[in-house]
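These are the residues of each chain, in order.
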Amino acid sequence: MESSDNPSSKSHKPYGRPETLADHYQHTLDHLILMASQSGWKAYAWHRAKELENHYLGIYNGISQELTAKMKDKK
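Residues numbered from 1 in each chain as written. Predicted model: local features only at pLDDT ≥ 70, side-chain atom pairs only at ≥ 80, totals over all residues. Heavy atoms only, no water.

Re the overall build of the chain
And step 1. On a plain count of helices and strands, the chain comes out with three helices and zero strands.
And step 2. Reading the chain from its N terminus to its C terminus gives the helix and strand order α-α-α.
And step 3. Looking at the chain as a whole, 21% of its 75 residues qualify as buried.
And step 4. Partitioning the contacts of the chain with sequence separation of at least 6, the portion at a separation of at least 24 is 46%. (Helix = DSSP H or I, 4+ residues; strand = E, 2+ residues; numbered from the N terminus. Buried < 20%, exposed > 50% of the residue type's maximum accessible area, 1.4 Å probe, protein only. Contact = heavy atoms within 4.5 Å.)

Overview of the nonpolar core
One recurring pattern in soluble globular proteins is that nonpolar side chains are buried together.
And step 1. L29, L32, I63 and L67 are the most contacted members of the largest nonpolar core, which has 13 residues in total.
And step 2. Secondary structure elements with two or more residues in this core: α1 (21–36), α2 (42–53) and α3 (63–74).
And step 3. No other element matches α1, which puts six residues into this core.
And step 4. Sequence-distant contacts of L29, that is, excluding residues within four places in its chain, are made with I63, E66, L67 and K70. (Core = buried A, V, L, I, M, F, W, Y, C linked by side-chain atoms within 4.5 Å.)

So, the pattern of salt bridges
And step 1. As enumerated under the stated definition, the model contains one salt bridge in all.
And step 2. Between R48 and E51 there is a salt bridge, with the nearest N and O atoms lying 3.0 Å from each other. Placement of both R48 and E51 in helix α2 is noted, with a separation of three residues, approximately one turn of the helix. (Salt bridge = Lys/Arg side-chain N within 4 Å of Asp/Glu carboxyl O.)

Some points on the packing of α1 against α2
And step 1. One can describe the packing of α1 onto α2 by two numbers: an axis separation of 7 Å at closest approach and a directional angle of 155°. Between α1 and α2, the interaxial angle falls into the category roughly antiparallel. Residues T28, L32, M35 and A36 of α1 pack against K42, Y44, A45, R48, A49 and L52 of α2.
And step 2. Partitioned by chemical class, the residues of the contact of α1 with α2 number seven nonpolar, one polar and two charged. (Axes fitted to C-alpha atoms, helices over the stretch in contact; angles between N-to-C directions. Parallel < 35°, antiparallel > 145°, perpendicular 65-115°, else oblique. Nonpolar A, V, L, I, M, F, W, Y, C, P; charged D, E, K, R; others polar.)

A look at the layout of surface pockets
And step 1. Estimated volume of the largest pocket: approximately 170 Å³.
And step 2. Lining the largest pocket, in full, are A36, K42, W46, L67, T68, M71, K72 and K75.
And step 3. Listed by contribution, the elements that provide at least two residues to the lining of the largest pocket are α2 and α3.
And step 4. Tallied by class, residues from the lining of the largest pocket come to four nonpolar, one polar and three charged. (1 Å grid on protein atoms, 1.4 Å probe; cavity = no way out; pocket = protein on both sides within 12 Å on 5 of 7 lines; lining within 4 Å. Points joined across faces, edges and corners; volume = space filled by probe spheres on them.)

What follows is the structure, encoded as structure tokens:
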């Protein structure tokens, strides 16, 4: 008989949407940084960040500036 402390019986964080808007913002920023780090995707990542700045809810305000700062820090 298996114990209830078995790792497979513990709940795992579900895949899908992050739990908060801040988590979602950070996940999106991390993804943009990853894309911008690859020469073939750099222009697209920048363009996408600028598009996200105009999101109607304003949840991505400042993401293009933060992307620029993070990319400068990587150099």
